[in-house]
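# Secondary and tertiary structure notes
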Amino acid sequence: MNIQELIRQRGRENFTLHDLYLNSQMVKVLKTIGFDRHYVKAEGAYLFDDQGNRYLDLLSGFGVFALGRNHPQIAQVLKDVLSADLPNLVQLDVSLLSGMLAEKLVAISPEGLERVFFANSGTETVEAAIKFSRYATGKSKIVYCRGGYHGLSLGSLSATGDSHYKQGFGPLVPDFIEVPFGDLAALEKALSQKDVAAFITEPIQGHGVWIPDDHYLPQAAELTRRYEALFIADEVQTGLGRTGKWWAVEHWSVVPDILCMAKALSGGFVPVGALVCKEWIFDRVFNRMDRAVVHGSTFGKSNLAMAAGLATLEVLESENLIEKSAQSGQAIVDALQPLVGEYECLKEIRGKGMMIALEFTEPQSLSLRMSWKMLEAANKGLFSQMITVPLFSRHRILSQVAGHGMNIVKFIPPLILTESDIKWIVDATKAVIRDAHRGPAAVWDLGKTLATKALRIKAGT
């Protein structure tokens, strides 16, 4: 089979194939908002379509491509592993590469986290964290935060604080308790009976890019210790340099009992997730020889995944990308910050490192307020599409709405942006926000665009 020839022959069939055999609703969404492109190449922070257009990717595969796409150093490492004919997934064995990656992860993790479990994804690491917490403490309850996102498998979904993802999938796993993010009193009340196994949270909530007050995470960690629960930090998106430090918890000098990671650890090539935790937790779960395989993941320690992880950590260090993330992210926020006072519908620019949010709010002037209400009546959070759609269609920047029903636009770029990329982002964002303030004319333009696309889909074109 010549895979390159197959791709060449059938390169424009992707939407047809997905419509027939995969998620046809996703095809409709992409066509409706005008994101239906035929990408043929990816390099670094850029995507290229079959018309030769270059796009700046501020979505990064939901944070997977922290190093950009098709990083040559990681690609070479994977080729080297494939050509070495190594034994892989023997299962009744312990592999060298997984031991080496675990050694490295312990070295860069917060002090006191000394054991590693490998899986394939973020949601798998969260599932493991839930199970480990319950077994190690002998308790069943898990406290999680409203608005948080931890994955879509059943245990992780039970800890996800967004009803949009839960509807119709119940009953979920019992003994999960929701508290507001940032509310220490509510957290203490939930923990006060000392019957909670763990409190799980993202240090910065990905859906909305909600950054806690400086006292929240340190005091939350202290509360878990006081009431004999574990503290789980979900760093699946925030970890590995995304926020300008190895781990987001470092911004507040917090050491969790369990830390979950994935996404960027893959280098953008091979799925890999990891959990690092305190040794006593691991030793309680795997406490006898007959329990050596009581929890596992078949492909979790595959040679390609482990090599991708090792290469990713090497690139993060050798290219100084964590410091670069902090500097570039701050440059974007600083350049966009003056827009808050200039445009009444822009409420806030916030972020840490390469995790940035533009939050919009209902304006006060009559014509703009009427436009806002018109969009919100049609679909909650639709105003944010007045930013993401023209960013893409007019400026070739791929971005996302920060969560379901939110008027928040989120940028999670690769950590490798150049000065010209930053200028591209700033100039384009200023232009689309200015255009969004044209009131009814801007709403009409967006409505006409979406309606035209929808009619074309209905007609089958």
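Placed above this text is the structure.
First, a word on what this report is: a plain description of the structure on this page. Owing to the predicted nature of the structure, the values given are computational and were not obtained by experimental measurement.

Cut-offs used in this document
Residues numbered from 1 in each chain as written. Predicted model: local features only at pLDDT ≥ 70, side-chain atom pairs only at ≥ 80, totals over all residues. Heavy atoms only, no water. Helix = DSSP H or I, 4+ residues; strand = E, 2+ residues; numbered from the N terminus. Rg over C-alpha atoms; globule rule 2.2 N^0.38 Å. Buried < 20%, exposed > 50% of the residue type's maximum accessible area, 1.4 Å probe, protein only. Contact = heavy atoms within 4.5 Å. Areas by Shrake-Rupley, 256 points an atom, 1.4 Å probe, with all protein chains shown as cover. Core = buried A, V, L, I, M, F, W, Y, C linked by side-chain atoms within 4.5 Å. Pairing = 2+ DSSP bridges. Axes fitted to C-alpha atoms, helices over the stretch in contact; angles between N-to-C directions. Salt bridge = Lys/Arg side-chain N within 4 Å of Asp/Glu carboxyl O. Parallel < 35°, antiparallel > 145°, perpendicular 65-115°, else oblique. Left-handed = near helix turned anticlockwise from the far one by under 90°. Phe/Tyr/Trp six-rings, centres within 6.5 Å; stacked < 30°, edge-to-face > 60°. Lys NZ or Arg CZ within 6 Å of the ring centre and 35° of its normal.

### Remarks on the overall build of the chain
The number of helices and strands found in the chain is 19 helices and 15 strands. Expected size for 461 residues packed as a compact globule is a radius of gyration near 23 Å; at 23 Å, the chain falls within 12% of this value. Projected onto the principal axes, the alpha-carbon positions of the chain cover approximately 70 × 60 × 40 Å. The 461 residues of the chain split such that 50% are buried. Look at the contacts in the chain between residues 6 or more apart in sequence, and 71% of them connect residues 24 or more apart. Here the chain displays about 21,400 Å² of accessible surface, and carbon together with sulfur accounts for 54% of that area.

### Some thoughts on the nonpolar core
Leu 105 and Phe 360 are the most contacted members of the largest nonpolar core, which has 111 residues in total. Among the elements that make up this core, the one with the highest residue count is helix α13 (residues 303–318) (eight residues). Among residues more than four places away in sequence, those in contact with Leu 105 are Val 116, Phe 118, Met 261, Leu 265, Ala 274, Val 276 and Leu 313.

### Structural notes on the environment of Ala 136
For Ala 136, the location among the structural elements is in helix α7 (residues 122–137). The class for Ala 136 is buried, based on a relative accessible area of 3%. Distance in space between the C-alpha atoms of Ala 136 and Val 285 is 6.2 Å, their sequence separation being 149 residues. The residues touching Ala 136, leaving out its near neighbours within four places in the chain, are Trp 280, Ile 281 and Arg 284.

### Observations concerning the sheet that holds strand β8 (residues 230–234)
Overall, mixed pairing links the seven strands, which are arranged β4-β10-β9-β8-β7-β5-β6 in an open sheet. Single-partner strands in this sheet number two, and they are β4 (115–119) and β6 (176–179). Taken over all neighbouring pairs, the strand axes of this sheet differ in orientation by 20° on average, direction set aside. Pairing analysis gives four bridges linking strand β9 (residues 258–261) to strand β10 (residues 273–277), with the strands arranged antiparallel. Paired with Ile 258 across the bridge in β10 is Cys 277. Along the sheet face, α7 touches β4, β5 (141–145), β6, β7 (196–201), β8, β9 and β10 and points at about 165° away from the line of β9.

### Here we look at the pattern of salt bridges
If the charged atoms of two oppositely charged side chains come close together, the side chains can form a pair. All chains considered together, the criterion is met by 21 salt bridges. Between Arg 350 and Glu 348 there is a salt bridge, with its nearest N and O atoms 2.7 Å apart. Among the residues examined, Glu 348 registers a relative accessible area of 32% and is labelled partly exposed. The partner of Lys 373 in a salt bridge is Glu 362, with the nearest N and O atoms 3.2 Å apart. Residue Lys 373 is located in helix α16 (residues 366–378), and its partner Glu 362 is located in the loop between β12 (355–360) and α16; the two are separated by eleven residues in the primary sequence. By relative accessible area, Lys 373 is classed as partly exposed at 45%.

### Examining the packing of helix α10 (residues 184–191) against helix α11 (residues 216–226)
For the pair α10 and α11, interaxial distance at closest approach is 10 Å and the crossing angle is 15°. The angle between the axes of α10 and α11 places the two elements in the roughly parallel class. Seen along the crossing, α10 lies across α11 with a hand that is right-handed. Along its contact with α10, which presents Leu 184, Leu 187, Glu 188 and Leu 191, the element α11 presents Tyr 216, Gln 219, Ala 220, Leu 223, Thr 224 and Arg 226.

### Considering the environment of Glu 319
By the secondary structure assignment, Glu 319 is in the loop between α13 and α14 (321–336). Here Glu 319 falls in the partly exposed class, since its relative accessible area comes to 34%. A C-alpha to C-alpha distance of 8.8 Å links Glu 319 and Ile 416, two positions 97 residues apart in sequence.

### Examining the sheet that holds strand β14 (residues 400–401)
The four strands are arranged β11-β12-β15-β14 in an open sheet whose pairing can be described as antiparallel. Pairing within the sheet leaves two strands with one partner each, and these edge strands are β11 (346–352) and β14. The pairing of β11 with β12 spans six bridges and is classified as antiparallel. Across the sheet, Leu 346 pairs through a bridge with Phe 360, a residue of β12. On the sheet, helix α18 (residues 419–436) packs against β11, β12 and β15 (408–411) and is oriented at approximately 10° with respect to β12.

### Some points on the packing of aromatic side chains
The geometry of an aromatic ring pair is captured by the separation of the ring centres together with the interplanar angle, meaning the angle of the planes. Enumeration over the complete set of coordinates arrives at 14 aromatic pairs. Here the aromatic rings of Tyr 39 and Tyr 55 are separated by 5.6 Å at their centres, their planes lie at 90°, and the arrangement is edge-to-face. With Tyr 39 in strand β1 (residues 39–43) and Tyr 55 in strand β3 (residues 54–57), this residue pair connects regions lying 16 residues apart in the sequence. Take Tyr 39: its relative accessible area is 33%, and that puts it in the partly exposed class. Directly above the aromatic system of Phe 48 lies the positively charged group of Lys 41, at a separation of 5.4 Å from the ring centroid. Over the ring of Tyr 46 we find Arg 54, and its NZ or CZ is 4.4 Å from the ring centre.

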